[in-house]
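Commentary on secondary and tertiary structure
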Amino acid sequence: MTPHRTTVQEHRPTGPTTRPRSTGPDTAAVATPERPAEPPASPPVERRGTVREADTMAVVSFLSGLVGLLAMNLVLGPIAIVLAGLALIRGTSRPGRARLGLALGVADLVVLACLVSADHTWSWSLG
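Anyway, here's the lowdown on the structure attached to this text. (Residues numbered from 1 in each chain as written. Predicted model: local features only at pLDDT ≥ 70, side-chain atom pairs only at ≥ 80, totals over all residues. Heavy atoms only, no water.)

1. A look at the side chain of T92
- Within the element layout of this structure, T92 appears in the loop between α3 (73-89) and α4 (95-119).
- Within polar-contact distance, the side chain of T92 engages the backbone nitrogen of R94 at 3.1 Å.
- When neighbours within four sequence positions are excluded, T92 is seen to be in contact with A54, D55, A58, A87 and A98. (Helix = DSSP H or I, 4+ residues; strand = E, 2+ residues; numbered from the N terminus. Polar contact = N/O pair within 3.5 Å; in protein donor to acceptor, adjacent residues only side chain to side chain. Contact = heavy atoms within 4.5 Å.)

Set out below in structure tokens:
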């Protein structure tokens, strides 16, 4: 007589408290009458050129133009112009600040042009 081998499934209690084991795909997204199927969560998508970045560009443009009136006109003026343009293109919530940065950047270059024509040099100082 051959001995009878018992398996785990034969000793598992059956009743309302047990769940059948599934070896198939995950059933969490399967629709049931009690719970409709939910789409799987997708990873967050990063957008380039968000409004927050555009707001930061507008503020930096304004500050660059303002400081550029006193020092480093040749560097800070074009930076203010470019950042103001990018902020306006990307839809900043501070368009006034971006326009002011654009105007100050242009003013930086105008002041530099006036000083260069008056002193015939690219550097200037007060007094």
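2. Considerations on the pattern of salt bridges
- By the definition in use, this model includes one salt bridge.
- Here E53 makes a salt bridge to R90, at a shortest N to O gap of 3.8 Å. Of this pair, E53 sits in helix α2 (residues 51-68) while R90 sits in the loop between α3 and α4; the two residues are 37 residues apart in sequence, bridging distant segments of the chain.
- When its relative accessible area of 37% is taken as the criterion, E53 is described as partly exposed.
- Classification of R90 as partly exposed rests on a relative accessible area of 34%. (Salt bridge = Lys/Arg side-chain N within 4 Å of Asp/Glu carboxyl O. Buried < 20%, exposed > 50% of the residue type's maximum accessible area, 1.4 Å probe, protein only.)

3. Focus on a nonpolar patch on the surface
- The grouping of M72, L74, V75 and I79 at the surface amounts to a nonpolar patch, some 380 Å² of accessible area in total.
- Inspection of the secondary structure puts L74 in helix α3. (Patch = residues over 30% accessible without salt bridge, like charges linked within 9 Å, V, L, I, M, F, W, Y side chains within 5 Å. Areas by Shrake-Rupley, 256 points an atom, 1.4 Å probe, with all protein chains shown as cover.)

4. Notes on the packing of α3 against α4
- At their nearest, the axes of α3 and α4 sit 8 Å apart, and the two run at 155° to each other. Here α3 lies roughly antiparallel to α4, going by the angle between them. Helix-helix and strand crossings are classified by hand; for α3 and α4 the assignment is left-handed. Contacts between α3 and α4 involve N73, L74, L76, G77, P78, A80, I81, A84, A87 and L88 from the former and P95, A98, R99, G101, L102, G105, V106, D108, L109, V111 and L112 from the latter.
- Here the contact of α3 with α4 is built from residues that sort into 15 nonpolar, four polar and two charged. (Axes fitted to C-alpha atoms, helices over the stretch in contact; angles between N-to-C directions. Parallel < 35°, antiparallel > 145°, perpendicular 65-115°, else oblique. Left-handed = near helix turned anticlockwise from the far one by under 90°. Nonpolar A, V, L, I, M, F, W, Y, C, P; charged D, E, K, R; others polar.)

5. Focus: the environment of V111
- Considering the arrangement of structural elements, one finds V111 in helix α4.
- With residues up to four places along the chain from it excluded, the contact list for V111 reads L69 and N73.

6. Details of α2
- In this model, α2 (18 residues) spans 25 Å end to end at C-alpha, consistent with the 26 Å of a helix rising 1.5 Å per residue.
- What α2 keeps buried is the set A54, D55, M57, A58, S61, F62, S64, G65 and G68.
- Each element contacted by the buried residues of α2 is listed here: α3 and α4. (Expected span 1.5 Å × (residues − 1).)

7. Side note on the nonpolar core
- With five residues, the main nonpolar core is built from M57, A58, L83, A87 and A98.
- Those elements that provide at least two residues to this core are α2 and α3.
- In contact with A58, other than residues within four places in its own chain, are A87, T92, R94, R97 and A98. (Core = buried A, V, L, I, M, F, W, Y, C linked by side-chain atoms within 4.5 Å.)

8. Quick word on the environment of L88
- One can find L88 in helix α3.
- Accessibility expressed as a relative area gives 33% for L88, which makes it partly exposed.
- Along the sequence, L88 and M57 sit 31 residues apart, while their C-alpha atoms lie 9.1 Å from each other.
- Beyond its immediate chain neighbours, meaning those up to four positions away, L88 contacts P95, A98 and R99.

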